[in-house]
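What follows is each chain in one-letter form.
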Amino acid sequence: MKLTVQDLNSHYGPAHILFDIGFEVGEGEVVALLGRNGAGKSTTFRSIVGLVAQRTGRIVFEGKDVSAKPTHEIVREGLGYVPEERRIFTDLTVEENLEVGKQPKRANAPDWTREKLFALFPNLGEMKNRPGGRMSGGEQQMLTIARTLMGNPSLVLLDEPSEGLSPKIVEQMVDAILTMKKEGVSIVVSEQNLHFARLISDRAYIIERGRICFGGTMAELDARPDIRDAHLSL
Ligand SMILES: Nc1ncnc2c1ncn2[C@@H]1O[C@H](COP(=O)(O)OP(=O)(O)O)[C@@H](O)[C@H]1O
Ligand SMILES: [Mg+2]
């Protein structure tokens, strides 16, 4: 397995948010973590990369237990994280933002260059010298993903990449994620949008109120409209 999450429990202060979360991501898979607003998707991602202080459970990445490691070490192992809120440097240009994300090559992950990233996100290639602050929300979202890829991760966590994007940009995002997969990046994508998830994912888990209540292939999920209707807003 590329990534295994076991018995993950997380708290914010006195509030227990995640309850015994467990899931797996195979080598080269795209796995969706589906759930309504407030279900615990972002907290799951933040817990995996060590950004939630009160967390128990086991995170195994490429056979290594990274549960006790600090965030910067987990990222250096090749686990990329793209948070929900876009974190680009507004005063830096597109190219400069990409340089910030640069990390050495990794044996078991694709090696991204600026040229490859501009092929992946053609929009960005047309605005190499534009400051991040003068880009649209969708373009900033792409830049955040591209910057994470500059670190040559072997797996990325994408927190709601389709959120707030126009239909045309969503189409480009689908193409980009499928290309990332083809290049060999394993991907976990959190989504409220089942339509978007279906276009990119091999398998899906549904999270509701901090608990995983379904895991299966997209076909298995389609065969269970009751589960879909109970746990996802469409
Ligand atoms: N920093 C925080 N402090 C306290 N509660 C939080 C914090 N962040 C999220 N929560 C709560 O944790 C729950 C899960 O939130 P979140 O993981 O952001 O869900 P999702 O990403 O699925 O929308 C929600 O009830 C939310 O209000
Ligand atoms: Mg969220």
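Scoring rules and cut-offs
Residues numbered from 1 in each chain as written. Chains lettered and ligands numbered in written order. Predicted model: local features only at pLDDT ≥ 70, side-chain atom pairs only at ≥ 80, totals over all residues. Heavy atoms only, no water. Donors = N, O, S within 2.8 Å, 3.2 Å for Na, K, Ca; no water. Helix = DSSP H or I, 4+ residues; strand = E, 2+ residues; numbered from the N terminus. Pairing = 2+ DSSP bridges. Axes fitted to C-alpha atoms, helices over the stretch in contact; angles between N-to-C directions. Contact = heavy atoms within 4.5 Å. Buried < 20%, exposed > 50% of the residue type's maximum accessible area, 1.4 Å probe, protein only. Salt bridge = Lys/Arg side-chain N within 4 Å of Asp/Glu carboxyl O. Expected span 1.5 Å × (residues − 1). Core = buried A, V, L, I, M, F, W, Y, C linked by side-chain atoms within 4.5 Å. Polar contact = N/O pair within 3.5 Å; in protein donor to acceptor, adjacent residues only side chain to side chain. Near = heavy atom within 4 Å. Areas by Shrake-Rupley, 256 points an atom, 1.4 Å probe, with all protein chains shown as cover. Nonpolar A, V, L, I, M, F, W, Y, C, P; charged D, E, K, R; others polar.

> Is there a simple way to explain the coordination of the magnesium ion (ligand 2) in this structure?
Around a metal, the perfect tetrahedron of four donors has angles of 109.5 degrees, and the perfect octahedron of six donors has angles of 90 or 180 degrees. Coordination of the magnesium ion (ligand 2) by the protein comes from Ser42 (OG) and Glu84 (OE), over a distance range of 2.1 to 2.6 Å. Placement of serine 42 in helix H1 (residues 41-48) and of glutamate 84 in the loop between strand S6 (79-82) and helix H3 (94-100) is noted, with a sequence separation of 42 residues between them.

> Would you mind showing me how to read the sheet that holds strand S7 (residues 155-159) here?
The strands making up a sheet associate through hydrogen bonds between their backbones, and the pairing can be parallel or antiparallel. The 6 strands are arranged S6-S7-S8-S3-S9-S10 in an open sheet whose pairing can be described as mixed. In the strand order of this sheet, the two ends are held by S6 and strand S10 (211-217), each with one partner. Averaged over all pairs of adjacent strands, the angle between their axes in this sheet comes to 15°, without regard to strand direction. In this sheet, S10 lies alongside strand S9 (residues 203-208) in antiparallel orientation, the contact comprising 6 bridges. Bridged to glutamate 208 within S10 is arginine 211. Across the sheet, helix H6 (residues 137-149) is in contact with S6 and S7; its angle to S6 comes to roughly 165°.

> Would you mind showing me how to read H1 here?
With 7 of 8 residues buried, H1 lies mostly within the body of the structure. All buried positions along H1 are accounted for by Lys41, Ser42, Thr43, Thr44, Phe45, Ser47 and Ile48. At the exit of H1 stands glycine 50, carrying a positive phi of roughly 80°.

> Looking at this structure, I do not really get the pattern of salt bridges. What am I missing?
Where charged atoms from two side chains of opposite charge approach closely, those side chains can pair. All chains considered together, the criterion is met by 18 salt bridges. When the shortest N-O distance is used, the salt bridge between lysine 105 and aspartate 111 registers 3.7 Å. Since its relative accessible area comes to 66%, lysine 105 is described here as exposed. Between arginine 198 and aspartate 222 there is a salt bridge; the shortest N-O distance is 2.5 Å. One end of the pair, arginine 198, is in helix H8 (residues 194-200); the other, aspartate 222, is in helix H9 (residues 218-222), with 24 residues separating them in the sequence. The exposure class of arginine 198 is partly exposed, given its relative accessible area of 34%. Overall, aspartate 222 belongs to the partly exposed group, its relative accessible area being 35%.

> What should I look at first to understand H6 in this one?
For an α-helix, 3.6 residues make a turn, and residues three or four places apart therefore share a direction. Compared with the 18 Å implied by 1.5 Å per residue over 13 residues, the 19 Å span of H6 between its first and last C-alpha is a close match. With 12 of its 13 residues buried, H6 lies for the most part within the structure. Every buried residue belonging to H6 is among Gly138, Glu139, Gln140, Gln141, Met142, Leu143, Thr144, Ile145, Ala146, Arg147, Thr148 and Leu149, and all of these are buried. Where H6 is buried, its residues touch S6, H3, helix H4 (114-120), helix H5 (122-125), S7 and helix H7 (167-183).

> Quick question: what am I supposed to make of the nonpolar core here?
Within soluble globular proteins, side chains that are nonpolar generally end up buried alongside one another. Of all hydrophobic cores here, the largest spans 45 residues; its most connected members are Leu34, Phe121, Leu124, Met180, Ile187 and Leu221. Examining the composition of this core, we find that 7 residues originate from one element, H7, more than from any other.

> Just checking my understanding: could you explain the environment of arginine 203 for this structure?
When you line up the elements, arginine 203 lands in strand S9. The spacing of arginine 203 and aspartate 222 is 19 residues in sequence and 11 Å in space, taken between C-alpha atoms. Within the local environment of arginine 203, its side chain forms a polar contact with the side chain of glutamate 29, the two groups lying 2.7 Å apart.

> Would you take a moment to explain the site of ligand 1 for this structure?
Inspection of the region around ligand 1 gives Tyr12, Ile17, Arg36, Asn37, Gly38, Ala39, Gly40, Lys41, Ser42 and Thr43 as its neighbouring residues. Take lysine 41: an N or O atom from its side chain is 2.8 Å from an oxygen atom of ligand 1. Between ligand 1 and serine 42 there is a distance of 2.9 Å, counted from an oxygen atom to a side-chain nitrogen or oxygen. Taking 560 Å² as the accessible area of ligand 1 by itself, protein coverage stands at 56%. When residues in the shell around ligand 1 are grouped by element, the largest group, 3 residues, is from H1. Here the residues of the shell around ligand 1 are counted per class, giving 3 nonpolar, 5 polar and 2 charged.

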